[in-house]
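Chain and residue survey
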Amino acid sequence: MSEVLIRKLMPEDNKVLAAMIRTVLIEMGVPKVGTAYEDVALDDMFKTYDHDRMCYFVVVQNDEIIGGAGIAPLAEANRTVCELQKMYFLPKARGRGVGSRMMEVCLDFARAQDFDHCYLETLPYMEAARKLYKRSGFESLKAALGNTGHYSCNMWMLKEL
């Protein structure tokens with residue numbers, strides 16, 4: 001199997017990345033409302049993340065985007081809290097340690113931006129993702145933080161950086 005590369009998102013990645021994320025969301029049975037599926041940001045992720053203290057990374061294998069994840073300040077929260085956003089992988093990327101590598105890249109970026117905590121939202125049936133989050137040091141919360149607009153996501157986690 002060829003090597004994977006994790007790099008920053010480029011403008012020419014937008015269309016392929018949006019399609020990849022929506023494909024994974026459909027595969028997982030994620031509701032199309034109240035989740036990342038309906039985010040306007042999906043169609044121009046480069047522009048969305050082209051701001052201070054924000055970055056989106058993609059996983060590339062054989063010139064194909066097979067996953068991605070981003071870090072951004074958590075909306076309507078303390079400026080020391082960031083959010084791990086839109087972390088999704090195609091089946092060919094799963095079970096190979098790619099998620100752990102991506103998590104490391106994202107959390108290193110978050111620390112470099114002087115965030116103290118990283119927050120995320122997920123769904124109960126995303127079991128593999130939740131295992132990765134727990135292995136990475138995220139702990140469950142009883143309620144949401146900030147305002148992501150993802151009201152269908154009903155599991156929340158936080159990690160001290």
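Before reading further, recall that the structure is shown in the block above.
Presented here is a report on the structure given in the accompanying data block. Note that the structure is a prediction, hence the values are computed from the model and not measured. (Residues numbered from 1 in each chain as written. Predicted model: local features only at pLDDT ≥ 70, side-chain atom pairs only at ≥ 80, totals over all residues. Heavy atoms only, no water.)

1. Overview of helix α1 (residues 14-28)
Put simply, the rule reads: What counts as a helix is a DSSP run of H or I of at least four residues, what counts as a strand is a run of E of at least two, and both are numbered from the N terminus. Expected helix span is computed as 1.5 Å times (number of residues minus one). Exposure is judged per residue with a 1.4 Å probe applied to protein chains only, and the accessible area is read against the type maximum: over 50% gives exposed, under 20% gives buried, and values in between give partly exposed. Any two residues whose heavy atoms approach within 4.5 Å are treated as being in contact.
Taking 1.5 Å per residue as the helical rise, α1 with its 15 residues ought to reach 21 Å, and the 21 Å between its terminal C-alpha atoms agrees with that figure. Asn14, Leu17, Ala18, Met20, Ile21, Arg22, Val24 and Leu25 are the residues of α1 that are buried. Residues of α1 that are buried sit in contact with α2 (45-49), β2 (55-61), β3 (64-73) and β4 (81-89).

2. Thoughts on helix α4 (residues 127-135)
Which entries qualify depends on this criterion: Picture the helix axis, draw a direction to every C-beta atom, and the arc is the one those directions span.
Every buried residue of α4 is listed here: Arg130, Leu132 and Tyr133. The buried residues of α4 occupy an angular sector of 155° when the element is viewed end-on, so they sit on one face. Of the exposed residues in α4, those oriented more than 90 degrees away from the buried face are Ala128, Lys131 and Arg135. Elements in contact with the buried residues of α4: β4, α3 (98-112), β5 (117-122) and β7 (155-160). Following α4 by one or two positions, Gly137 has its phi on the positive side, about 100°.

3. Digging into the pattern of salt bridges
Side-chain pairing between opposite charges can occur once the charged atoms of the two side chains come close. To be explicit about the condition: Salt bridges are defined as contacts in which a side-chain nitrogen from Lys or Arg sits within 4 Å of a carboxyl oxygen from Asp or Glu.
Using the criterion set out here, one finds six salt bridges in the structure. In this structure, Glu3 engages Arg101 in a salt bridge whose closest nitrogen and oxygen atoms are separated by 3.9 Å. Pair noted here: Glu3 is in the segment before β1 (5-8) and Arg101 is in helix α3, with a separation of 98 residues, a long-range link. In this structure, Glu27 engages Arg94 in a salt bridge whose closest nitrogen and oxygen atoms are separated by 2.7 Å.

4. Some thoughts on the packing of aromatic side chains
Under the convention used in this document: Think of it this way: a Phe, Tyr or Trp ring, Trp meaning its six-membered ring, pairs with another when their centres are within 6.5 Å, and the plane angle makes it stacked under 30 degrees, edge-to-face over 60, tilted otherwise. Here, over-ring charges are defined by two tests on the NZ atom of lysine or the CZ atom of arginine: distance to the ring centre within 6 Å, and angle to the ring normal within 35 degrees.
Scanning the model with the defined rule gives three aromatic pairs in all. Ring geometry for Phe57 against Phe109: centres 6.0 Å apart, planes inclined by 75°, an arrangement best described as edge-to-face. With a gap of 52 residues between them, Phe57 in strand β2 and Phe109 in helix α3 connect regions that are remote in the sequence. According to the relative accessible area criterion, Phe57 is buried, its value standing at 7%. Between the NZ or CZ atom of Arg53 and the centre of the ring of Phe115, over which it lies, the distance is 3.8 Å.

Honestly, it's all geometry; don't read function into it.
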